[in-house]
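Okay, here's what each chain looks like letter by letter:
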There are 2 protein chains.
Amino acid sequence: MDQKHQIMGTSQILSKAELLNHWQGHRRLTRKVIEAFPGDQLFTFSVGGMRPFADLAKEMLAIAVPGLQGIVDRTESDYEESQPDIKTKAQLLLRWDEATPHIDALFDQIPEADFHVSFNLFGQYNFPIIQNILYFIDNEIHHRAQGYVYLRALGIQPPFFWER
Amino acid sequence: MDQKHQIMGTSQILSKAELLNHWQGHRRLTRKVIEAFPGDQLFTFSVGGMRPFADLAKEMLAIAVPGLQGIVDRTESDYEESQPDIKTKAQLLLRWDEATPHIDALFDQIPEADFHVSFNLFGQYNFPIIQNILYFIDNEIHHRAQGYVYLRALGIQPPFFWER
């Protein structure tokens, strides 16, 4: 790649497809963490007064598709975490899998040029769209890692971090 | 931004400077987590047989500058985690702060066009450089989140996740 090409900025360090693939890779790992929990402890066990892992996974679900939908439609709907219909591990995994193609489809609708447009996500997080999406991923890694500690505290081997 | 501009690929979804800033923002948060630990428990406390947070922070230090140095020099040195000279919270924070400008300087030396060149990091992780660097950040978020659980288990309020 010649110097002029670089100066023109055509050398992307991360493409849109790569960012989506990166996120979906993390989601595949989170799914394995959900699967690793015994069905009851997924909804009840925690450390230090924190939320059980099912609640953390529900937060991820409440962010991913609704957040992307807001970005695509430019609607600033409130964040709605409660998903009382998810009561079992099977239901949680089903919802997780249902979200996967929705994320692909919604992400695809964000034009590349819009990633640096600011959007007031959930009516309260006014940042460039790239930062909002990086936050979705960071938040998932952060909460999933809490699930790793819960699993270790339960004497269960978590999935390898690099397995996506 | 017009259509032709987009087709030419000049619309970056994430610039090199933004990726560095994103990482350094996470490092500022990790620094706050180190600070939040009582000096002794930083080196001794853990949950579920995991490593104390000082060891997790040492891993981050063993990855950041040595990893970038390897990328810049294209040297495939082995990964070396042990840093026996770090024995106190003050020493750990000092090393953390010393790494900060080194990360800036080394990152700056990676040409944009190289982010999709594969490099065999530490002689064993052969991936495009962008993936190696995203892994550094993901690994830091992952281990830092374990520190959040340790702090909660100690009855200490961790820093807000969104504070960078």
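Residues numbered from 1 in each chain as written. Chains lettered and ligands numbered in written order. Predicted model: local features only at pLDDT ≥ 70, side-chain atom pairs only at ≥ 80, totals over all residues. Heavy atoms only, no water.

- Under an unreviewed UniProt entry, the name given to chain A is DNA damage-inducible protein DinB, and the source organism is Parapedobacter defluvii.
- In its Sequence similarities (unreviewed entry) section, the UniProt record describing chain A reads: "Belongs to the DinB family." (UniProt positions renumbered as here; feature names shortened; annotations may be inferred.)

A short note on the overall build of chain A
Consideration 1: If you tally the helices and strands in chain A, you get six helices and two strands.
Consideration 2: In chain A, the order of α-helices and β-strands from amino to carboxyl end is α-α-α-α-α-β-β-α.
Consideration 3: Based on the C-alpha atoms only, the size of chain A along its principal axes is roughly 55 × 35 × 30 Å.
Consideration 4: Each of the 164 residues in chain A was classed as buried or not, and the buried ones make up 49%.
Consideration 5: Residue pairs in contact within chain A that sit at least 24 positions apart in sequence constitute 71% of those at least 6 positions apart.
Consideration 6: Charged side chains of chain A number 15 positive and 21 negative; the gap between the two group centres comes to 6 Å. (Helix = DSSP H or I, 4+ residues; strand = E, 2+ residues; numbered from the N terminus. Buried < 20%, exposed > 50% of the residue type's maximum accessible area, 1.4 Å probe, protein only. Contact = heavy atoms within 4.5 Å. Lys, Arg positive; Asp, Glu negative; His and termini not counted. Charge placed at Lys NZ, Arg CZ, Asp CG, Glu CD.)

Remarks on the relation of the copies chain B and chain A
Consideration 1: For the pair chain B and chain A, the best superposition has an RMSD of 0.0 Å and corresponds to a rotation of 180° with a translation of 0.0 Å parallel to the axis. With respect to symmetry, the two chain copies, as superposed, fit the operation of a two-fold axis. (Least-squares fit on C-alpha atoms with pLDDT ≥ 70 in both.)

Considerations on the pairing of strand β1 (residues 118-121) of chain A
Residues and elements named next belong to chain A.
Consideration 1: Two strands pair when backbone bridges link them, and β1 and strand β2 (residues 125-128) are joined in this way by four bridges, in the antiparallel orientation. Bridging across to β2, S118 finds its partner in P128.
Consideration 2: In textbook terms, the turn of a hairpin is the stretch between consecutive antiparallel strands, and for β1 and β2 this stretch comprises three residues, one of which, F122, has a positive phi near 55°. (Pairing = 2+ DSSP bridges.)

Observations concerning the packing of helix α2 (residues 16-36) of chain A against helix α5 (residues 89-108) of chain A
All names here are of chain A.
Consideration 1: Two elements in contact, α2 and α5, have axes separated by 11 Å at closest approach and are oriented at 180°. The pairing of α2 with α5 is recorded here as roughly antiparallel in orientation. In this structure, α2 contributes K16, L19, L20, W23, Q24, R27, T30, R31, I34 and E35 to the contact, and α5 contributes K89, L92, L93, W96, D97, A99, T100, I103, D104, F107 and D108.
Consideration 2: Classifying every residue of the contact of α2 with α5 gives 10 nonpolar, three polar and eight charged. (Axes fitted to C-alpha atoms, helices over the stretch in contact; angles between N-to-C directions. Parallel < 35°, antiparallel > 145°, perpendicular 65-115°, else oblique. Nonpolar A, V, L, I, M, F, W, Y, C, P; charged D, E, K, R; others polar.)

Regarding the interface of chain B and chain A
Consideration 1: The interface is formed by 38 residues belonging to chain B together with 38 residues belonging to chain A.
Consideration 2: For the pair chain B and chain A, the summed buried surface comes to about 3,600 Å²; carbon and sulfur atoms form 68% of the total.
Consideration 3: On the chain B side of the interface with chain A, the three residues burying the most area are I13(B), H142(B) and F161(B), jointly 20% of the side's total.
Consideration 4: Connecting chain B to chain A are zero salt bridges.
Consideration 5: For the interface between chain B and chain A, the tally reads eight residue pairs in polar contact (both at pLDDT 80 or more).
Consideration 6: Of all the secondary structure elements, the ones that give two or more residues to the side of chain B that touches chain A are α2 (16-36) and α6 (129-153) of chain B.
Consideration 7: It is α6(B) that contributes the most residues to the side of chain B that touches chain A, 13 residues altogether. (Buried area = accessible area lost by both parts, 1.4 Å probe. Salt bridge = Lys/Arg side-chain N within 4 Å of Asp/Glu carboxyl O. Polar contact = N/O pair within 3.5 Å; in protein donor to acceptor, adjacent residues only side chain to side chain.)

Observations concerning the packing of helix α4 (residues 53-73) of chain A against helix α6 (residues 129-153) of chain A
All names here are of chain A.
Consideration 1: At a closest axis distance of 10 Å, the pairing of α4 and α6 adopts a crossing angle of 170°. When the axis of α4 is compared with that of α6, the two are roughly antiparallel. Along the contact surface, α4 presents F53, L56, E59, M60, I63, A64, G67, L68 and I71, while α6 presents I129, I133, F136, N139, E140, H143, R144, Q146, G147 and Y150.
Consideration 2: Here the residues of the contact of α4 with α6 are counted per class, giving 11 nonpolar, five polar and three charged.

Considerations on the side chain of R27(B)
All names here are of chain B.
Consideration 1: Mapped onto the elements of the fold, R27 is located in helix α2.
Consideration 2: Notably, R27 is buried but unbridged: the nearest opposite-charge side chain belongs to E140, and the N-O separation is 4.7 Å.
Consideration 3: At 2.8 Å, the side chain of R27 and the side chain of T100 are in polar contact.
Consideration 4: Ignoring anything within four residues of it in the chain, the contact list for R27 reads W96, A99, T100, I103 and E140.

Considering the side chain of Q83(B)
Residues and elements named next belong to chain B.
Consideration 1: Among the structural elements, Q83 can be located in the loop between α4 (53-73) and α5 (89-108).
Consideration 2: A polar side-chain atom of Q83 sits 2.7 Å from the main-chain carbonyl oxygen of K58.
Consideration 3: Setting aside its immediate chain neighbours within four residues, Q83 contacts K58, L61, A62 and R95.

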